[in-house]
Amino acid sequence: MTGGGMPAASAEEDRGGMRTALAGLTTRGRSFLAAGIAAAVCAYVLGQSDLLRVGLLLAVLPLICTAVLYRTRYRVAGSRRLSPARVPAGSEARVHLRMDNVSRLPTGLLMLQDRVPYVLGPRPRFVLDRVEAVGRREVSYRVRSDLRGRYPLGPLQLRLSDPFGMCELTRSFSTFDTLTVVPRVEPLPPVRLTGEAKGYGDGRQRSLALAGEDDVIPRGYRYGDDLRRVHWRLTARYGELMVRREEQPQRSRCTVLLDTRGIAFDGAGPDSAFEWAVSGTASTLVHMLERGFSVRLLTDTGTSVPGEGADGFAGASQESADAAGLMMDTLAVIDHSDGTGLSRAYEVLRGGNEGLLVAFLGDLDEEQASVLAKMRQRSGGAIAFLLDSGAWVRGTPDEQGEEWLRMLREAGWTAVAVPPGVGLADLWREADRQRNGVASTGSTAGGGLS
């Protein structure tokens, strides 16, 4: 971003600029001007010419400083760099500012001030000494927020001051940058949740294909195919090279459902139940991406991440880091919805087997518990983390909380209550123990999720 002096395009604009410059008189400049006027008046009344000269000197000095400063044409360029531009809540980011004097004349005293939201800390201010011609100065400051979100930084303001400190003028650059504060991500243990489909690895599901998952019959040889795949019996029958079918891995899917209903959560702030659910959602998404799953983020409104494919974002690929970044950006600004139910999310899920379903839920009622029971029928496995607002806000769990847990478990969910102050990693292990306990008492045990 670049900035410079104000051009004198017309007499009217020049008069307006001078009024702005006079408004920039400091306390020292106003004091000198007032003392000079007072001395001149006294000199006129008393008939003292020497006092009149002193008064004129005191009054003219701040005016001359203002005119000179207003006519100054500094040509400076400013830039801002965030390190990093995406930071977890509670962590610090460093902002680097760089000022370049692109003119052939040195500057005077410069004061920099960057605009930042109050949640990021106090407004940073810096004083730069004389910058030589074609010189540069670099400064930096730190910002930190416990609240996720997207925060604008800037525009950068440059305050000019004369050597006597009589006048200060503020000029602003036009550009700004954005700091994204994403939810905290907690590393999760690689536990085995029996009954769930696996991603790539031992025991993975496989499907028959030739050159891709859509091929279901042998096809002709294509340039680049491995000769070991040639099916010689079919080649003799058709008179041309035919390629045999091969097994291709089928990527498992995981849908993470975040309940954002405003009526389902009480309280606010970084330690609220809703913020814990958002952080838990982020941790689960990253964990499943690292395990090679195709991951999809879903809310109670039926919306997902912009740019997300029908099967979600693929993990264990070069694009997984970008996919995680997109989902973190979405969770950084997600807020409570005005919805009252989970039916829209069910409409999205009811198209078929969605693989593993992990849900972070607030307060429920009988209708929503029924919707969740139907969701379980559309997934290969389901894990629910239930947050009771009564326990989080008032310290007294809701009596119906155990009832909702019972209903979800009867419907086939692995349901875990989330008390205040407990990390997701411990609850993740609890879900594993609960799932293994269900399997050992007669439920059907399948593959595993690690």
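In the nomenclature of an unreviewed UniProt entry, the protein is known as DUF58 domain-containing protein of Streptomyces liliiviolaceus.

## Quick notes on the UniProt feature "transmembrane region" (unreviewed entry) in the protein
With numbering matched to this structure, UniProt assigns "transmembrane region" (unreviewed entry) to residues 29-46 and 52-70. The distance from the first to the last C-alpha atom of residues 29-46 is 25 Å, and the span holds 100% helix and 0% strand.

## What to know about the packing of helix H5 (residues 273-290) against helix H6 (residues 320-333)
Orientation of H5 relative to H6, taken along the N-to-C sense of each, is 170 degrees, at an axis distance of 10 Å. Of the possible angle classes, the one that applies to H5 and H6 is roughly antiparallel. In this structure, H5 contributes Val278, Thr281, Ala282, Leu285, Val286 and Leu289 to the contact, and H6 contributes Ser320, Ala324, Met327, Met328 and Leu331. Its residues assigned to classes, the contact of H5 with H6 shows nine nonpolar, two polar and no charged.

## A look at the sheet that holds strand S10 (residues 168-172)
Paired through backbone hydrogen bonds, the strands of a sheet run either parallel or antiparallel to each other. Sheet architecture is open: four strands sit in the order S6-S5-S9-S10, paired in antiparallel fashion. Where the open sheet ends on each side, the last strands, each with one partner, are strand S6 (125-128) and S10. Taken pair by pair, the neighbouring strands of this sheet meet at an average axis angle of 25 degrees, ignoring direction. In this structure, strand S5 (residues 110-114) lies alongside strand S9 (residues 156-161), joined through five bridges in antiparallel fashion. Across the sheet, the residue bridging to leucine 110 is leucine 160, located in S9. Its contacts with the sheet place helix H3 (residues 49-71) against S9 and S10, and it is angled at close to 20 degrees to S10.

How each quantity is defined
Residues numbered from 1 in each chain as written. Predicted model: local features only at pLDDT ≥ 70, side-chain atom pairs only at ≥ 80, totals over all residues. Heavy atoms only, no water. UniProt positions renumbered as here; feature names shortened; annotations may be inferred. Helix = DSSP H or I, 4+ residues; strand = E, 2+ residues; numbered from the N terminus. Axes fitted to C-alpha atoms, helices over the stretch in contact; angles between N-to-C directions. Parallel < 35°, antiparallel > 145°, perpendicular 65-115°, else oblique. Contact = heavy atoms within 4.5 Å. Nonpolar A, V, L, I, M, F, W, Y, C, P; charged D, E, K, R; others polar. Pairing = 2+ DSSP bridges.

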